[in-house]
Amino acid sequence: MSSGVRELGSGRVLLGCGPDPAATAAQLEALLAQGLVVGLAAPQEERELVAALGLEAPLQSGLWPGPAVVVGSGGSSGARRWVLQPLESLDAALEALSAWLEGLGLDPAASLLLNPLPLHHVSGLMPLLRARRWGAELRWLEPTLLRDPARLAQAQPLDPRRPTLISLVPTQLQRLVDHPDGLAWLARCAVIWVGGAALPAALAERCRAAGLPLSPCYGSSETGAMVCALEPARFLAGDPGVGRPLGHAELAIDPGDGAVRIRAASLAAGWWAAGQLQPLPLHDGWWCSGDRGRLGPAGLELLGRLDGAISSGGETVFPEQVEVRLRALAEQAGLPLEALLLLPESDPLWGERLVGLYRPAAAATGAPGADQSVPVPLAERLRQLALQLPPSQRPRRWLACAELAPTALGKWQRGRWRAWLMQQPITNQ
């Protein structure tokens with residue numbers, strides 16, 4: 001075995017994702033060619049993945065054919081799972097996306113695939129498999145380039161005559177759109193898939209105004225990344241949501257709780273835990289995603305996580321939807337707000353109430369034109385904005401958190417921030 005590879009027994013290996021993604025990708029391809037099950041994890045999660053895969057537990061046969069990868073899932077809900085994806089299943093996703101691109105008049109083989117996402121994430125793994133399957137060129141982008149748009153534009157000049165395809169999370173997209181060089185660079189892309197987290201409405205409107213070919217999309221590790229995507233032309237025309245299903249997938253909405261249900265050829269074999277594979281729970285071939293949504297004329301519209309709903313004063317409240325509304329209000333008011341996260345805590349009268357965690361972008365002062373000699377704290381201004389929401393959606397207190405930020409993939413580790421919240425003193429507000 002080469003460096004960075006740890007044998008776990010029974011055809012399983014752990015591949016460390018080092019700083020050189022191209023070298024790691026070459027190792028991955030060699031291991032898959034041997035028919036192995038390859039676990040991929042961020043360095044800080046390798047021990048957790050090893051525990052999930054087990055060291056010597058026998059593999060269960062008949063659950064998947066041929067080589068496979070194991071990647072993490074569930075970071076947004078705090079319950080980390082390790083998903084087994086056979087390459088045969090992922091091939092179905094590759095073929096469906098190829099047909100989707102051809103429907104846009106693009107030749108997948110002639111495209112340039114840019115990958116700024118880590119290989120241990122399904123959205124960073126799939127560009128490698130797409131390039132291999134389509135015969136397209138793949139370039140890896142250093143994560144630091146996405147935080148320096150001027151340097152990115154110089155290091156990776158794009159030819160508008162060649163279709164460039166890239167997948168971004170909203171945080172990465174925001175950084176690029178905020179810089180003129182980044183905006184000009186994005187304008188040379190043919191398709192900009194955006195997923196992993198909700199696309200803020202204000203950011204979507206800025207991209208439409210700039211004519212960027214965005215394709216909001218939806219999927220997960222369990223579905224082999226994308227199962228639906230909105231065509232750039234439809235995005236620019238103002239259509240909401242994440243589009244219609246790709247050719248290998250079907251979507252439905254549970255009539256009871258509004259859960260998004262998925263039936264696709266790219267569904268995972270299951271989740272690894274303590275050396276055993278737990279098959280993906282299916283009902284007549286359908287998998288319940290844990291996301292809430294609705295199907296409209298333009299396709300799927302996401303409404304937040306089902307497991308994030310709370311009951312507050314007899315009302316069902318979805319914190320993620322309230323976050324979207326408050327971010328929009330804060331942007332309209334010109335508040336210097338860098339990050340916002342809403343979490344629930346117990347309340348003897350309401351059952352549960354929201355608490356607002358926030359990180360200022362700069363010193364919070366009064367609104368433009370106000371008397372700057374008496375600055376208004378940002379927490380108070382957020383509280384005033386929240387008065388525009390129903391009482392059940394108004395955070396009962398606001399806490400500044402200097403380190404508050406989503407992951408590099410734009411997801412909130414809500415379990416981590418709930419633990420942080422529990423350490424804070426409770427004050428009457």
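Figured I'd write up the structure that's included with this text. (Residues numbered from 1 in each chain as written. Predicted model: local features only at pLDDT ≥ 70, side-chain atom pairs only at ≥ 80, totals over all residues. Heavy atoms only, no water.)

### What about helix α7 (residues 170–177)?
Among the residues making up α7, those that are buried are P170, Q172, L173, L176 and V177. Down the axis, α7 shows its buried residues gathered within 160° of arc, on one side only. (Buried < 20%, exposed > 50% of the residue type's maximum accessible area, 1.4 Å probe, protein only. Helix = DSSP H or I, 4+ residues; strand = E, 2+ residues; numbered from the N terminus. Arc of directions from axis to C-beta.)

### Topic: the pairing of strand β5 (residues 81–86)
Across the six residues of β5, five count as buried, placing the element largely inside the fold. Pairing between strand β4 (residues 68–73) and β5: six bridges, direction antiparallel. When the bridges of β5 are listed, G72 appears paired with W82. (Pairing = 2+ DSSP bridges.)

### Digging into empty space enclosed by the protein
Remark: the empty space left among the atoms is shown by a probe the size of a water molecule rolled over them. Scanning the model with the defined rule gives one cavity of 30 Å³ or more in all. Approximately 40 Å³ is the volume attributed to the largest cavity. Around the largest cavity, the lining residues are A93, L94, L97, M126, R130, G224, A225, M226 and L246. Elements with a minimum of two residues in the lining of the largest cavity: α3 (87–103), α4 (122–134) and β11 (225–229). (1 Å grid on protein atoms, 1.4 Å probe; cavity = no way out; pocket = protein on both sides within 12 Å on 5 of 7 lines; lining within 4 Å. Points joined across faces, edges and corners; volume = space filled by probe spheres on them.)

### Some remarks on the sheet that holds strand β18 (residues 299–305)
Spatially, the four strands line up as an open sheet ordered β13-β14-β17-β18, and their pairing is antiparallel. Looking at the sheet topology across the chains shown, the edges are occupied by β13 (249–253) and β18. Each neighbouring strand pair of the sheet contributes to a mean axis angle of 50°, computed without reference to strand direction. With six bridges joining them, strand β17 (residues 287–296) and β18 adopt antiparallel strand pairing. Note on β18: the bridge partner recorded for G293 is L302. (Axes fitted to C-alpha atoms, helices over the stretch in contact; angles between N-to-C directions.)

### Regarding the packing of aromatic side chains
Applying the stated criterion across every chain yields a total of two aromatic pairs. With a centroid separation of 6.1 Å and 40° between ring planes, the pair formed by W100 and W193 is classed as tilted. One end of the pair, W100, is in helix α3; the other, W193, is in strand β9 (residues 191–194), with 93 residues separating them in the sequence. Its relative accessible area of 11% is what places W100 among the buried residues. Accessibility expressed as a relative area gives 1% for W193, which makes it buried. A ring pair is formed by Y358 and W398, whose centres lie 6.4 Å apart and whose planes are at 65°; its orientation type is edge-to-face. Of the two residues, Y358 is situated in strand β22 (residues 351–360) and W398 in strand β23 (residues 397–400); the sequence distance between them amounts to 40 residues. Given a relative accessible area of 7%, W398 falls into the buried group. A cation sits over an aromatic face here: R81 above W271, 3.9 Å from the ring centre. (Phe/Tyr/Trp six-rings, centres within 6.5 Å; stacked < 30°, edge-to-face > 60°. Lys NZ or Arg CZ within 6 Å of the ring centre and 35° of its normal.)

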